[in-house]
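Coordinates in review
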Amino acid sequence: QVLTTVTSNMSVQWLFEGGFPNSSTLLNPTVYYPDTGRFDVQLVIRTGDCYDTLLRSDYILIKPSPIANFGMSLGNCAPILVQFSDSSMTEQGTIQSWSWDFGNGETASSQDTTLWYNTAGSFLIRLVVENNFGCRDTALQSFQTYPSPTVDAGTYPLLCTGDTIQLQGIGNANFHWSSTAWM
């Protein structure tokens, strides 16, 4: 921010090494830096034929953001215990904090965690990681749970040797019948 009073007969010229835009005539411009590193900033103020230049070498320091990522155990019938495993990385420094939002009102701040999903539904999982430079990144993944099927084959009948029975499954699922012993 320019700390001098700029009058209407003055012009301002900023030069931003590595920045976008790389120059500006605005008094207080906003600049985006897509790459990490140290960058010079130059300010030129003109009044008629007179001017003053200020050069700040390595004035802007851009540190890398971490890359947030995570995995989760598979399975999708509720209730289910899901294991969340952080696999985030940072090019420089260390990851200092983890902020989980599990899409069901539950949160956590540990690196890895587990959580029970007791109801069927669609959940958006969010992990925000922050490194020791204060740089953050967010990873999102969706997770779907389904109601567990209810199994019922009716009452246990009394059978005699040689009798047959027709079993009837109740519910809206695919059935797979098996027996560990012959009757």
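Just above sits the structure.
So, a few notes on the structure that sits alongside this text. What you are looking at is a predicted structure, and each value in this text was computed from that prediction instead of being measured.

What counts and what doesn't
- Residues numbered from 1 in each chain as written.
- Predicted model: local features only at pLDDT ≥ 70, side-chain atom pairs only at ≥ 80, totals over all residues.
- Heavy atoms only, no water.
- Salt bridge = Lys/Arg side-chain N within 4 Å of Asp/Glu carboxyl O.
- Buried < 20%, exposed > 50% of the residue type's maximum accessible area, 1.4 Å probe, protein only.
- Pairing = 2+ DSSP bridges.
- Helix = DSSP H or I, 4+ residues; strand = E, 2+ residues; numbered from the N terminus.
- Axes fitted to C-alpha atoms, helices over the stretch in contact; angles between N-to-C directions.
- Contact = heavy atoms within 4.5 Å.
- Polar contact = N/O pair within 3.5 Å; in protein donor to acceptor, adjacent residues only side chain to side chain.
- Core = buried A, V, L, I, M, F, W, Y, C linked by side-chain atoms within 4.5 Å.

Moving on to the pattern of salt bridges. For the structure on display, the rule yields one salt bridge. Ionic pairing is found between Glu-130 and Arg-136, a salt bridge with its closest N-O pair at 3.0 Å. Taking relative accessible area as the criterion, Glu-130 reaches 22% and is therefore assigned partly exposed.

Read across the open sheet, the three strands follow the order β5-β7-β10; overall the sheet is antiparallel. This sheet does not close on itself; its edge strands, each paired only once, are β5 (70-72) and β10 (113-117). Taken over all neighbouring pairs, the strand axes of this sheet differ in orientation by 25° on average, direction set aside. As paired elements, β5 and strand β7 (residues 80-86) share three bridges and run antiparallel to each other. The residue bridging Met-72 from the neighbouring strand is Phe-84, located in β7.

Along the chain, Trp-100 turns up in strand β8 (residues 95-101). Leave out the neighbours within four places in its chain, and Trp-100 touches Phe-70, Phe-84, Asp-86, Glu-106, Thr-107, Ala-108, Ser-110, Gln-111, Thr-113, Ile-125, Arg-126 and Leu-127. A polar contact of 2.7 Å, which involves the side chain of Trp-100, links it to the backbone oxygen of Ser-110.

Taken in spatial order, the four strands make up an open sheet running β2-β1-β3-β4, and their pairing is antiparallel. This sheet does not close on itself; its edge strands, each paired only once, are β2 (23-24) and β4 (50-62).

Core analysis: the biggest nonpolar cluster contains 18 residues, and Phe-70, Phe-84, Trp-100, Tyr-117 and Ile-125 have the highest contact counts within it. At the level of secondary structure, the elements contributing two or more residues to this core comprise β5, β7, β8, β10, β11 (121-131) and β12 (136-147). By residue number, the principal contributor to this core is β11, which donates four residues. Setting aside anything within four residues of it in sequence, one finds Ile-125 in contact with Phe-70, Phe-84, Trp-100, Asp-101, Phe-102, Tyr-117, Ala-139, Leu-140, Gln-141 and Phe-143. Membership of the second largest hydrophobic core comes to eight residues, among which are Val-12, Trp-14, Val-41 and Leu-43.

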